[in-house]
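# Coordinate inspection notes
What follows is each chain in one-letter form.
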Amino acid sequence: MTNINNVKFKYMRSLAFISLSILLAACANTESKQEKETTVEVKDTVPVFILKQDTIKKTVELPAELIPYENAVLFAKIQGFVRAMKVDLGDRVRKGQTLAIIEAPEVNSRFAESEATLQSAKARWASSKDNYERMLRASQAKTPGIVAPVDLERSHNLMLADSSTYIAAAKQSQAYKEVSGYLYITAPFDGVITARNADPGSLVGTNAMLLTVQNNNTLRLRAAVPEIYTAVANSSENIDFRIDAYPTQRFKAVLTRKSSTIDPATRTELWEFEVSNKDHQLKAGSFAYVRIGMQRSATSFIVPFTAIATTQERKFVIKLKDGKAEWVDVRQGMTVDAGVEVFGNILAGDTLLRKATDERKPGSTGFWVVK
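Summarised in this report is the structure supplied together with it. None of the values given here were measured: they were computed from a predicted structure. (Residues numbered from 1 in each chain as written. Predicted model: local features only at pLDDT ≥ 70, side-chain atom pairs only at ≥ 80, totals over all residues. Heavy atoms only, no water.)

Attention now moves to the overall build of the protein. Within the protein one finds three helices and 21 strands. Of the contacts formed within the protein by residues at least 6 apart in sequence, a portion of 76% connects residues at least 24 apart. Per element, the accessible surface of the protein, about 23,300 Å² overall, is 53% carbon and sulfur. (Helix = DSSP H or I, 4+ residues; strand = E, 2+ residues; numbered from the N terminus. Contact = heavy atoms within 4.5 Å. Areas by Shrake-Rupley, 256 points an atom, 1.4 Å probe, with all protein chains shown as cover.)

Laid out in structure tokens, this is it:
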């Protein structure tokens, strides 16, 4: 009985030793596998693309304003009362047409007085001239001593003095005549009356606006073009625009002039277009939207918006060089539907990350997949 128990004990002990050995071996293998797995570098899959050159084209719609080709605010040049107002709001007028008449009796009186002075000076000059010519003919007679030389000289000086008085009176009369012409307010150009601020009997002066005349047969269309577009806008062709009053129609305009300077407040250049408005369909003062084509003269690089990373210090794309990431500083240009135009130390055929981020450090690697 004792022998049987000994045999059983030895068998159980051997079995336990074998199980323990197997368990220790399994643990050692697991630890070895874990150590091997930790030594393997994990690489993520990163989408990239091949950089290509392209010609950038786009059309932008910019706000603009229609203004009259000519605009004049008419004032009374002298103080007086409005005797007659010949036009009213909305009337079309012709150049030189009388629009209003000012009544100023003192002006007419001064003009009449200057005319009388002029006639008096003219009569004196004619008389002194006739007297000098008679004495001159007498002094040239064969009989000596008829006219004393001093008398001839005196008559000549009197004629010159009267002549000067006559010329001065004529100038003064002309001035008063011009002042009296200020009583008539005339149209400076063909146009339409857009404002009337006086009625007959109103007292007006040099600081009182009477009428406003606008020439809207041709309109100016002014648009502020952002600085980034000033060098690429297509200015050789006609453009079209729309206004809120006619949302389904588009109108034509021709570029005529540029301001040739950038406004420091808005960073824009003022462009002016001319619009024919003979049918008077368009109204001055309307807000418009002008559509201008843009095209870069040389080829550019266009990258997706996500390919540009921006930090507080720099703006860059990530380029692959020898299979490793490299940050390349870039400057942005125009934006189009396909992406954004960039400039920097990049060339056609370079491989760039489709999604750039500052977490992708220079020199890092990955599984680069072209998409």
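Here the largest pocket defines a volume of roughly 150 Å³. Residue lining of the largest pocket: F49, I50, L51, K52, D54, I302, V303, P304 and A338, and that is the complete set. Secondary-structure elements contributing two or more residues to the lining of the largest pocket are β1 (45–50) and β15 (300–303). When its residues are assigned to classes, the lining of the largest pocket shows seven nonpolar, no polar and two charged. (1 Å grid on protein atoms, 1.4 Å probe; cavity = no way out; pocket = protein on both sides within 12 Å on 5 of 7 lines; lining within 4 Å. Points joined across faces, edges and corners; volume = space filled by probe spheres on them. Nonpolar A, V, L, I, M, F, W, Y, C, P; charged D, E, K, R; others polar.)

This part is about the pairing of strand β14 (residues 287–295). Here β14 shows a buried face lined by A288, V290, I292 and M294 and an unburied face lined by F287, Y289, R291, G293 and Q295. Where strand β3 (residues 57–75) and β14 come together, nine bridges link them in antiparallel fashion. Each residue of the ladder has a partner; that of E61, found in β14, is R291. In the sheet, strand β11 (residues 239–243) pairs with β14 via four bridges, with the strands oriented antiparallel. If you follow I243 over to β14, its bridge partner there is A288. (Buried < 20%, exposed > 50% of the residue type's maximum accessible area, 1.4 Å probe, protein only. Pairing = 2+ DSSP bridges.)

Our focus in this paragraph is the environment of G201. One can find G201 in the loop between β8 (191–196) and β9 (203–204). Sequence separation between G201 and M85 is 116 residues; the distance between their C-alpha atoms is 9.6 Å. If sequence neighbours within four positions are ignored, G201 has contacts with F81 and V82.

For the rest of this paragraph, the subject is the pairing of β8. Where strand β5 (residues 92–93) lies against β8, two bridges are found, and the strand directions are antiparallel. Across the sheet, residue R92 finds its bridge partner in β8, namely V192. Bridge analysis of β8 against strand β10 (residues 209–226) gives four bridges, and the strand direction is antiparallel. Its bridge partner lying in β10, I193 is registered against V213.

As a rule of thumb, soluble globular proteins bury nonpolar side chains together. Core analysis: the largest hydrophobic core is formed by 29 residues, its most contacted members being L221, F241, F273 and V290. Elements that contribute at least two residues to this core include exactly β3, β10, β11, β12 (246–258), β13 (268–276), β14 and β18 (324–336). Setting aside chain neighbours within four positions, we find V290 in contact with V60, E61, L62, A64, L221, A223, I239, D240 and F241. Core analysis: the second largest hydrophobic core is formed by 22 residues, A100, I102, L183 and A187 among them. (Core = buried A, V, L, I, M, F, W, Y, C linked by side-chain atoms within 4.5 Å.)

This part is about the pattern of salt bridges. Following the criterion strictly, the structure yields 16 salt bridges and no others. Here D130 ties to R134 by a salt bridge, and the two come within 2.9 Å at their closest N and O atoms. Here the residue D130 and the residue R134 both occupy positions in helix α2 (residues 105–139), the gap between them amounting to four residues, near one helical turn. Notably, a salt bridge pairs E341 with R296, separated by 2.8 Å at the nearest N-O pair. In this pair, E341 is assigned in strand β19 (residues 339–344) and R296 in the loop between β14 and β15, connecting sequence segments 45 residues apart. Across the pair, R296 and E341 agree in class, each one buried. (Salt bridge = Lys/Arg side-chain N within 4 Å of Asp/Glu carboxyl O.)

Applying the stated rule across the entire model yields five aromatic pairs. Here the aromatic rings of Y246 and F251 are separated by 6.0 Å at their centres, their planes lie at 70°, and the arrangement is edge-to-face. For Y246, a relative accessible area of 26% translates into the label partly exposed. Accessibility expressed as a relative area gives 10% for F251, which makes it buried. On the basis of an interplanar angle of 90° and a centroid distance of 5.4 Å, the ring pair of F287 and Y289 is categorised as edge-to-face. Grouped by ring-pair contacts, the aromatic residues F241, Y246 and F251 constitute a single cluster. Over the aromatic face of Y69 sits the side chain of R220, whose NZ or CZ is 4.2 Å from the ring centroid. Cation over ring: K258 sits above W271, and NZ or CZ is 4.1 Å from the ring centre. (Phe/Tyr/Trp six-rings, centres within 6.5 Å; stacked < 30°, edge-to-face > 60°. Lys NZ or Arg CZ within 6 Å of the ring centre and 35° of its normal.)

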